[in-house]
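# Report on the structure
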Amino acid sequence: MQPAGPVQPRNGGGGEGGRVAQVQPPVRRRAYPAGRVYSPRLSFLQLSDHQCRRRLCLSRETVTSLCEILAMGVASNCVGGHPMPVALKVTVVLNFYASGSFQASSADMCGVSQASAHHCIKVVTEANHANHFINFKMDFASQAETARSFSTIAGFPMVQGVIDCMHVAIRAPAGQSGAFISFHSMNVQLVCDHCKGILRVCPCYPASSHNAFILWKSQVPAPFSPPAHLQGWILGDRGYPLKTWLMTPVRIPRNDAEERYNVSQATTRVTIEQTTGLLKMRFRCLNHSGGALQYLPSRVSRIIVVCCALHNLAMERGDSLADDQGQHVSSSDKDGDTDGEEGPQPPDQQGDGAEGQVELSARETREGGDSNTQAFLLNRVSGTPSDTLGVCSADVTGRGDKELQDASGVI
């Protein structure tokens, strides 16, 4: 005999077109006893500023502003029970990002369960506020200030950003082992400015993806194309192709001018390595120091974007790390490369002679006037630094300052 189940109305019993109507199960509500005693919960409101910097890697004032930004999307809609306030949710998530440990460690610090910590991480990570902090500055004054600041590093003119990739270790995803090299990680593309702020992040591709492939699949080329036209270029290493808006090193320098160009380009490009090291120093969940992230690649991508947005918020407010934060970062983080403990580097992250590097042909380097642009830079960089500071966008694009101001007003 078959067990009796819920009675379903048949044809004509309220279903449309003879379909069987589905009976919705009743909503269960847990009845909490009136005298239930809850364990004490700890949020950043009970911590000093120094404790916030050590445990959350952000100042107390910055965390307060972050709670105000996330209040509408993170606040609990629960009426009964004992809902978690926004301050507690943000504290759990920031400690998880900063410590690089498991959810249980952050849950124990704040006095909540591991399931509650998992819910907090999911809710805060999925709150869509990253676009307010990660973007290119398109106005003319900001572009001029960025180019001027970059030129003071090594005399390289008209730089609007520096691009490179870093690896973030994750657990092995089921059925996707072929998309990774040597170890399981996400190959994350970053573009930073002179203040070590992040302008673009693309965290969606596995370790097997080459840097140049990620570049063309990302949104980095868009700001350098009309109508949103950035005046200048970004700097990249030998893993990227040479374009009118992307300056790479000369592979085989033949004279002193090309040598000086490579030195100036490499010195300016150190900014992205410092940015990567600072990002992993602040948020150790990206640093592999506490182990790989135990999430699916899609969730890891969102965590990376949120960490980049929080990094920009900290840099904007001038938040410095605690004095003992630097000792947890390996030497490879300071160089902006893949963590040494993560295993051998993928081919696209090794030295200049590694297999898999994108070799530019003579035809590719001359498309779109790229070689002419690099020749212009060779002449500029080989001069005195004071000479390069006076370079304007009209030297390359033929557009005067007034025309550039008119164009920037449309963007």
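Residues numbered from 1 in each chain as written. Predicted model: local features only at pLDDT ≥ 70, side-chain atom pairs only at ≥ 80, totals over all residues. Heavy atoms only, no water.

### Concerning the overall build of the chain
Cut-off, in case you're wondering: For the purposes of this entry, the term helix denotes a DSSP run of H or I that reaches at least four residues, the term strand denotes a run of E that reaches at least two, and both are numbered from the N terminus. Each residue is placed in one exposure class: buried if its accessible area under a 1.4 Å probe, protein chains only, is under 20% of its type's maximum, exposed if it is over 50%, and partly exposed if it falls in between.
Across its full length, the chain carries 15 helices and 5 strands. Evaluated residue by residue, the chain yields a buried proportion of 47% over its 411 residues.

### Examining the pairing of strand β2 (residues 185-192)
As a reminder of what qualifies: The pairing criterion is simple: DSSP has to find at least two bridges between the two strands.
Judged by how many residues are buried, β2 sits mostly within the fold: 8 of 8 residues are covered. Side chains Ser185, Asn187, Gln189 and Val191 of β2 all project onto a buried face; the interleaved residues Met186, Val188, Leu190 and Cys192 project onto the opposite face, where all are buried too. Here β2 pairs with strand β3 (residues 198-206) via 6 bridges, running antiparallel. Across the sheet, residue asparagine 187 finds its bridge partner in β3, namely tyrosine 205. The antiparallel hairpin formed by β2 and β3 contains 5 residues in its connecting segment, where lysine 196 sits at a positive phi of about 65 degrees.

### What to know about the sheet that holds strand β4 (residues 233-235)
Where we set the bar: The contact rule is simple, with two residues in contact once any of their heavy atoms fall within 4.5 Å. In this analysis an axis means a line fitted to C-alpha atoms, helices contributing only their contacting stretch, and an angle means the value between N-to-C directions, from 0 to 180 degrees.
Here 5 strands make up an open sheet; going across it, the order is β3-β2-β1-β4-β5 and the pairing mixed. Since the sheet does not close on itself, it has two edges, and those belong to β3 and β5 (246-247), each with one partner. Pairing analysis gives 2 bridges linking β4 to β5, with the strands arranged parallel. Paired with isoleucine 234 across the bridge in β5 is leucine 246. Lying over the sheet, helix α8 (residues 256-282) contacts β1 (159-169), β2, β3, β4 and β5, oriented at roughly 45 degrees with respect to β1.

### Section: the side chain of threonine 125
Formally: Any pair of nitrogen or oxygen atoms within 3.5 Å is treated as a polar contact; in protein, a donor-acceptor pairing is required on top of that, and neighbouring residues in sequence qualify only through side-chain atoms on both sides.
Relative to the helices and strands, threonine 125 resides in helix α5 (residues 114-126). A polar atom in the side chain of threonine 125 sits 2.6 Å from the side chain of tyrosine 97. Once you skip the residues sitting within four places of it in the chain, threonine 125 turns out to touch Tyr97, Arg299, Arg302, Ile303 and Val306.

### As for the packing of helix α3 (residues 86-99) against helix α4 (residues 103-110)
Which entries qualify depends on this criterion: By definition in this entry, angles of less than 35 degrees are roughly parallel, angles greater than 145 are roughly antiparallel, angles of 65 to 115 are roughly perpendicular, and the rest are oblique. Whether a crossing is left-handed or right-handed is set by the direction in which the near helix is turned from the far one by less than a right angle, anticlockwise for left-handed and clockwise for right-handed. Residues are grouped as follows: Ala, Val, Leu, Ile, Met, Phe, Trp, Tyr, Cys and Pro are nonpolar; Asp, Glu, Lys and Arg are charged; all remaining types, including Gly, are polar.
Contact geometry of α3 with α4 gives a least axis separation of 9 Å together with a crossing angle of 135 degrees. The angle between α3 and α4 falls in the class oblique. The handedness of the crossing between α3 and α4 comes out as right-handed. Contacts between α3 and α4 involve Leu88, Thr91, Val92, Asn95, Phe96 and Ser99 on the former and, on the latter, Gln103, Ser106, Met109 and Cys110. When grouped by side-chain class, the residues that make up the contact of α3 with α4 number 5 nonpolar, 5 polar and no charged.

### Quick notes on the pattern of salt bridges
Selection criterion: Put simply, a salt bridge is a Lys or Arg side-chain nitrogen that is within 4 Å of an Asp or Glu carboxyl oxygen.
Under the definition given, this model contains 4 salt bridges. The salt bridge partner of arginine 53 is aspartate 49, with a shortest N-O separation of 2.9 Å. Remark: aspartate 49 and arginine 53 occur in helix α1 (residues 49-55); sequence separation between them is 4 residues, near one turn of the helix. Put simply, arginine 148 and glutamate 145 hold a salt bridge, and the shortest N to O gap is 3.1 Å. Of this pair, arginine 148 and glutamate 145 are both found in helix α6 (residues 140-154), 3 residues apart, which corresponds to roughly one turn of the helix. Judged by relative accessible area, arginine 148 falls into the partly exposed class, the value being 45%.

### Quick look at the nonpolar core
Rule in force here: For our purposes a nonpolar core is just a set of buried Ala, Val, Leu, Ile, Met, Phe, Trp, Tyr and Cys residues, chained together by side-chain atoms within 4.5 Å.
Among the nonpolar cores identified, the biggest contains 70 residues, and Tyr97, Leu190 and Leu286 are the most heavily contacted of them. Top contributing element to this core by residue count: helix α9 (residues 297-317), with 10 residues. Not counting the four nearest positions on each side in its chain, tyrosine 97 is found in contact with Thr125, Phe283, Arg284, Cys285, Ile303, Val306, Cys307 and Leu310. Membership of the second largest hydrophobic core comes to 17 residues, among which are Phe136, Ile214, Val220 and Trp245.

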